[in-house]
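Take a look at the letters that make up each chain.
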Amino acid sequence: MGYYDDDKAEGRNQRGPRKSGYFLASLAGLVIGALIVVLALPKLADYNLLPNMQDNENVQIEPAKEQKKGQNVSLNVTTDVTKAVDKAQDAVVGITNIQSGNFWEGESSQPAGTGSGVIYKKTGDKAYVVTNNHVVEGAQQLEVTLSDGTKVPAKLRGTDIWSDLAVVEMDGTKVKKVAEFGDSDALKIGEPVLAIGNPLGLEFSGSVTQGVISGLERAIPVDVNGDNVVDWQAEVLQTDAAINPGNSGGALVNIAGQVIGINSMKIAEQSVEGIGLSIPINFAKPIIDSLETKGKMVRPAMGVTLRNVNEIPSYHQQETLKLPKNITDGAMVEQVYPNTPASKAGLQEFDVIVQLDNQKVHDILELRKYMYTKKQVGDQMEVHFYRNGKLKKETMTLTSEGTM
């Protein structure tokens, strides 16, 4: 049989009203807090309290202004990339190679191709542009297109087939911006860079692509004279910034807006993507200076023509050249020109050069690279060679005249 406790019942009745009071007070607090947030939110938005959107770039966004209904929002975004582009872009120009047509067929002069160039110097009323040799090769006339579309006649100052560099001179009265050269020796793999140029012609002039330095001191074989034989190994920078036909001669720029490379080529194969190549500016500087002042790059020469020993049949290596059996490479002298360092040192036809100073040479490429990068006109050089099976050594003083 159940029972009812009056004391307990009274206690329950007393606690009931207290719970209701607490609930009403909490509800009122929530409502008031929500009203404060709603009223304060527009004021807080004016401060544009946004988190840092990028780790590696300094992003500046102007404070938000009061927006009216239907009004477009405009942001003034400034980053390290846009600053670099602003600094370098106007110094990058288009170069049009104009060649004469066939007179008998009634063809007039017409553009044979377009490329890019970089204005690196302005002196008085003249300005100088560096570009690639293959951009200006064969031109009867040259025309420079400035970043604002102004077209200025230009003339070739000098070219260098080995480095694929050329210097063009133009009227500088309308030139407003000159590029600043950086230090390509200080570059690091992974460092951000920008390629600026005119891909596919002047229609896309001033195009900017972004990437990183993918590799340093890449050795790329180059066929200079088109005979399908490697004549030179170009040491270039590798980047994944998009470089397309027309970008040749344009600028590779670091994040400070300094030119650290002259874009030269890309590896264009179906299975390859993102391998662009650029001539390091530290390598290019002395060549640019020589082309501007002398019209050519002055390099040392011995005064000979050569042939790779490894291209000669083994029979003639043994019977004609009389080389020891363990000597299967080197550079054979085909011809010695008169009154040259080689003739004065006594070199003869069929001598096989195997060493210059302390540097072993296995082919013409290594011989040429040593002379062009380690020696200067007027330097002495020891030449080690085999003649009739015997190793000999002669010293010559290099000049700038003649070949090789």
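All of the points below concern the structure found in this document. (Residues numbered from 1 in each chain as written. Predicted model: local features only at pLDDT ≥ 70, side-chain atom pairs only at ≥ 80, totals over all residues. Heavy atoms only, no water.)

## What to know about helix H2 (residues 80-88)
Line of reasoning, step 1. Taken as a whole, H2 has its buried residues at Val-81, Ala-84, Val-85 and Ala-88. The arc that holds every buried residue of H2, seen down its axis, measures 100°, which confines them to one face.
Line of reasoning, step 2. Packed against the buried residues of H2 are strand S1 (92-99), strand S7 (192-197), strand S8 (207-222) and strand S10 (251-254). (Buried < 20%, exposed > 50% of the residue type's maximum accessible area, 1.4 Å probe, protein only. Helix = DSSP H or I, 4+ residues; strand = E, 2+ residues; numbered from the N terminus. Arc of directions from axis to C-beta. Contact = heavy atoms within 4.5 Å.)

## Describing unusual backbone geometry
Line of reasoning, step 1. Of note, Asp-164 is a non-glycine position whose phi angle comes to about 60°, a positive value.
Line of reasoning, step 2. Its place among the elements puts Asp-164 in the loop between strand S5 (151-160) and strand S6 (165-171).
Line of reasoning, step 3. Residue classification places Asp-164 among the buried residues on the basis of a relative accessible area of 15%.
Line of reasoning, step 4. One non-glycine residue, Lys-322, lies in the positive phi region at around 55°.
Line of reasoning, step 5. Secondary-structure assignment places Lys-322 in the loop between helix H5 (314-319) and strand S14 (331-336).

## So, the sheet that holds S7
Line of reasoning, step 1. Taking strand neighbours around the barrel as the criterion, the 6 strands line up as S7-S8-S9-S12-S11-S10 in a closed arrangement whose pairing is antiparallel. On average, adjacent strands in this sheet sit at an angle of 50° to one another, irrespective of strand direction.
Line of reasoning, step 2. Both strand S11 (residues 259-266) and strand S12 (residues 276-280) contribute to a ladder of 5 bridges, which runs antiparallel. Note that in S12 the partner of Met-265 across the bridge is Leu-277. (Pairing = 2+ DSSP bridges. Axes fitted to C-alpha atoms, helices over the stretch in contact; angles between N-to-C directions.)

## Quick notes on the environment of Lys-393
Line of reasoning, step 1. With respect to the helices and strands, the residue Lys-393 is situated in strand S18 (residues 390-397).
Line of reasoning, step 2. When the C-alpha atoms of Lys-393 and Val-383 are compared, they prove to be 5.6 Å apart, with 10 residues separating the residues in sequence.
Line of reasoning, step 3. With residues near it in sequence (within four places) discarded, Lys-393 still touches Glu-382, Val-383, His-384 and Phe-385.

## Some thoughts on the pairing of strand S13 (residues 304-308)
Line of reasoning, step 1. Across the two faces of S13 the burial differs, with Val-304, Leu-306 and Asn-308 buried and Thr-305 and Arg-307 not buried at all.
Line of reasoning, step 2. Here S13 runs beside S14; their pairing, made up of 5 bridges, is antiparallel. Bridge pairing in S14 places Leu-306 opposite Val-333.

## Some remarks on the side chain of Ser-184
Line of reasoning, step 1. Looking at the element boundaries, Ser-184 is found in the loop between S6 and S7.
Line of reasoning, step 2. What makes Ser-184 buried here is its relative accessible area of 5%.
Line of reasoning, step 3. Not counting chain neighbours up to four residues away, the residues in contact with Ser-184 comprise Ile-260, Pro-280, Ile-281 and Asn-282.

## Let's talk about the packing of aromatic side chains
Centre distance and the angle of the planes are the two values used to describe a pair of aromatic rings.
Line of reasoning, step 1. Applying the stated criterion across every chain yields a total of 5 aromatic pairs.
Line of reasoning, step 2. The interplanar angle of 40° and the centroid separation of 6.5 Å between the aromatic rings of Tyr-120 and Tyr-128 together place this pair among those described as tilted.
Line of reasoning, step 3. Given a relative accessible area of 8%, Tyr-128 falls into the buried group.
Line of reasoning, step 4. Seen from their ring centres, Tyr-120 and Phe-181 are 6.2 Å apart, and the 20° between their planes marks the pair as stacked. Here the residue Tyr-120 occupies a position in strand S2 (residues 110-123), and Phe-181 occupies one in the loop between S6 and S7, the gap between them amounting to 61 residues.
Line of reasoning, step 5. Classification of Phe-181 as partly exposed rests on a relative accessible area of 23%. (Phe/Tyr/Trp six-rings, centres within 6.5 Å; stacked < 30°, edge-to-face > 60°.)

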